[in-house]
Amino acid sequence: MFSSSRWLIRPLVSSTIIFAASTTSLLHNNSRLTACEVDDDTQTDTPSSQSSKGQYYPYVILGGGTTAYSAIEAIRQLSPQSPILVLSSERVVPSLHRGDLYRNNETTDRGLGDDLLSSYNEWRRHITSKLSSEPDALQNSKIHLLLRQDQLKISPHDKVVELSNGGKVNFGKLLVATAGHPKSFYVLGDEHMKANKAGLLSGGGVNSLISLSDFEELERVIPDLTGMTQTNGGEGGLDAADGSKEKTIVIIGGGFLGTEVALAMASRARAFNADRSSGQPRIKILQVYAEKSPLASYLPRYLSQDVKERLERHGVECIEERLVTDLHESASNQIRMNIVGEERTTLNAHYVIMASSTISPDVRIARESGLEIDTVNGGIVVNDSFEYGNGVYAAGVVASYYDHELGRRRVNRYDHSVNSGLLAGYNMVSSSGDGGDGTQRPYTHQPAVRSFLGDINVNCESIGECNSDLETVGVWINRGLDPGAPEILKNVSCKSPYKRGVIYYMRNSRVVGVVLWNADDLLEKARDLIRVNPMIRNDQLKRAIPLAPDDWLMVKKEHGRREGRKMVTEDDRESLVQVRSKEVGDGRGDH
């Protein structure tokens, strides 16, 4: 359909961009962009027209993330002369020449390691405003941009958007592409709790991992924690603030992002601990999560347990089946966390990273405008072409769309944000008659989720519904060290039997999800399998996606774990009995 870079999106097709702060006031011009008002005076070089209800734009887009700019790219390719109005809640337009912003693909100059950059790209980049992180994506496009538009109302019947100041804009086609935000953990589960923790979140001791700068901060954590160390004669140095010979970094979250970040920080901690002087403290990495093992919400038990063992061999201390219910600054300038599980415990840390893998869609404007919201999946209910009705579309994180193979679903990953935005933009133009044939193309792409755990030699790609509540059938190559083994297996830890394999997720004798474990070369075959979606017996799965000769393979089956699970996903709120208080002395509570 369309091609797009997996990493930082390059600038769109060349033309002119016009910025406006609001319909009544100009934005201060802090860049080389043109600032102007969106009124009659701006229309001398555009085909948009004025009506009794307000100004008209053929294309209006709500949002400023990856989905919005993918839609812009599609519109500009098909109808390059059409003006586009982007309504953003952003407060200011940044300078395109600030040295602290990424440009194009010049990411290595920033000092952000490949592992953390990969995590940002997969789990956060698609919800990050391009005005803040990638302003060059706007530089060469003719777009009318209205900032500070966070109080909008959409009228699909009248095809009108009411702006924050009460003004109105008529539209031909409108795309809701609001990006969403990371779902809060229990400890920050509502606005009141967030307000109470605002000081911690802004004070540097707690990192909520939302923006690109949050990921960049992770590269400075260990130098910052150890740079304050006083040597006291060179032996047994203690931190001047809390007397610690050991600095503790805690990662909250057992999903993909939490696991990736825990492994990345453990890699940095190992390097520092190996070279530290006698007067410097050691760095300890803890990962706290509600599940029995990391990635337990996605992977079968045996594989998530294997991941846990690999993490521990690489320096991550795992604290499983624990929920962080409170955090506050202690008298020793550490972060104290209240943790509940079978017992109530507390845990001190010098730095806390909150790594939620789940994205909550931003549907406030849609709900207040009366659009239908999916009560099961979240998001605006649209069809397989991302159309809500009467020229209104929704795509990306905010869309609950119909998948012909898997049913209604909502996907919140980067791959989907790009491809759904491109298709929505195409369908908007096609149905308007500007540059298409009037057809609405259905979304047949199966978006992939990628997780790279380089230190433990795992490259995981998944498509479809990959939920450990489902029955799973894993097909694994059981031949790793003999001379005839594939070269890829020789580079994987010999302590793990799960080096390269395919995991099938089953419902009613059909494959609804596939995880490729060090087998990303089979991604298109996995997509084909879900697209065809045949009835298939478990004993046929060994050859469903050709992996290796039969005598090289082993099969592991596991029933879903819906029953008997103590805790659910890392982001869901739990009400647990708090039995008694117990200090965590070794970082493991009662283990």
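Residues numbered from 1 in each chain as written. Predicted model: local features only at pLDDT ≥ 70, side-chain atom pairs only at ≥ 80, totals over all residues. Heavy atoms only, no water.

Its place among the elements puts alanine 424 in helix H11 (residues 414–432). What makes alanine 424 buried here is its relative accessible area of 0%. Beyond its immediate chain neighbours, meaning those up to four positions away, alanine 424 contacts Leu175, Phe386 and Ala395. (Helix = DSSP H or I, 4+ residues; strand = E, 2+ residues; numbered from the N terminus. Buried < 20%, exposed > 50% of the residue type's maximum accessible area, 1.4 Å probe, protein only. Contact = heavy atoms within 4.5 Å.)

What follows covers the sheet that holds strand E15 (residues 282–288). Within the open sheet, the five strands sit side by side as E11-E20-E14-E15-E16. Their pairing is parallel. The open sheet has two edge strands with one neighbour each: strand E11 (206–207) and strand E16 (316–319). Direction of pairing for strand E14 (residues 246–252) relative to E15: parallel, over a ladder of seven bridges. Bridging across to E15, isoleucine 251 finds its partner in glutamine 287. Of the strands in this sheet, E11, E14, E15 and strand E20 (351–354) are in contact with helix H7 (residues 212–227), which crosses E20 at around 165 degrees. (Pairing = 2+ DSSP bridges. Axes fitted to C-alpha atoms, helices over the stretch in contact; angles between N-to-C directions.)

Looking now at the packing of aromatic side chains. By the definition in use, this model includes nine aromatic pairs. On the numbers, 6.5 Å between centres and 80 degrees between planes, the contact of tyrosine 302 with tryptophan 476 is edge-to-face. Of this pair, tyrosine 302 sits in helix H9 (residues 301–313) while tryptophan 476 sits in strand E29 (residues 471–477), and the two are 174 residues apart along the sequence. Accessibility expressed as a relative area gives 0% for tryptophan 476, which makes it buried. Feature note: the residues Trp123, Phe256 and Tyr298 constitute an aromatic cluster, connected by ring pairs. Over the ring of tyrosine 426 we find arginine 441, and its NZ or CZ is 4.2 Å from the ring centre. When the ring centre of tyrosine 302 is taken as reference, the NZ or CZ atom of lysine 556 above it lies at 4.9 Å. (Phe/Tyr/Trp six-rings, centres within 6.5 Å; stacked < 30°, edge-to-face > 60°. Lys NZ or Arg CZ within 6 Å of the ring centre and 35° of its normal.)

Bringing the sheet that holds strand E31 (residues 510–517) into the picture now. If you trace the six strands from one edge of the open sheet to the other, you get E27-E28-E31-E30-E29-E32, paired in antiparallel fashion. The outermost strands of the open sheet, each flanked by one partner alone, are strand E27 (448–453) and strand E32 (553–558). When strand polarity is set aside, the average angle formed by the axes of neighbouring strands in this sheet is 15 degrees. Across the sheet, helix H8 (residues 256–275) touches E27 and strand E28 (458–464), and the angle it forms with E27 is around 20 degrees.

The nonpolar side chains of a soluble globular protein tend to be buried, and buried together. Membership of the largest hydrophobic core comes to 78 residues, with the highest contact counts inside it found for Ile249, Tyr504 and Val514. The greatest single-element share of this core, amounting to ten residues, is contributed by H8. Aside from chain neighbours lying at most four places away, what touches valine 514 is Glu461, Ser462, Ile463, Cys466, Val502, Ile503, Tyr504, Tyr505, Ala526, Ile530 and Ile545. Counting residues in hydrophobic clusters, the runner-up holds 49 residues, among them Tyr59, Leu87, Leu145 and Leu174. (Core = buried A, V, L, I, M, F, W, Y, C linked by side-chain atoms within 4.5 Å.)

For the rest of this paragraph, the subject is the packing of H7 against H8. Two elements in contact, H7 and H8, have axes separated by 11 Å at closest approach and are oriented at 35 degrees. Considering the relative orientation of H7 and H8, their crossing is right-handed. Here Phe215, Leu218, Glu219, Val221, Ile222 and Thr226 of H7 lie close against H8, whose contacting residues are Leu257, Val261, Met265, Arg268, Ala269 and Phe272. Here the contact of H7 with H8 is composed, by residue class, of nine nonpolar, one polar and two charged. (Left-handed = near helix turned anticlockwise from the far one by under 90°. Nonpolar A, V, L, I, M, F, W, Y, C, P; charged D, E, K, R; others polar.)

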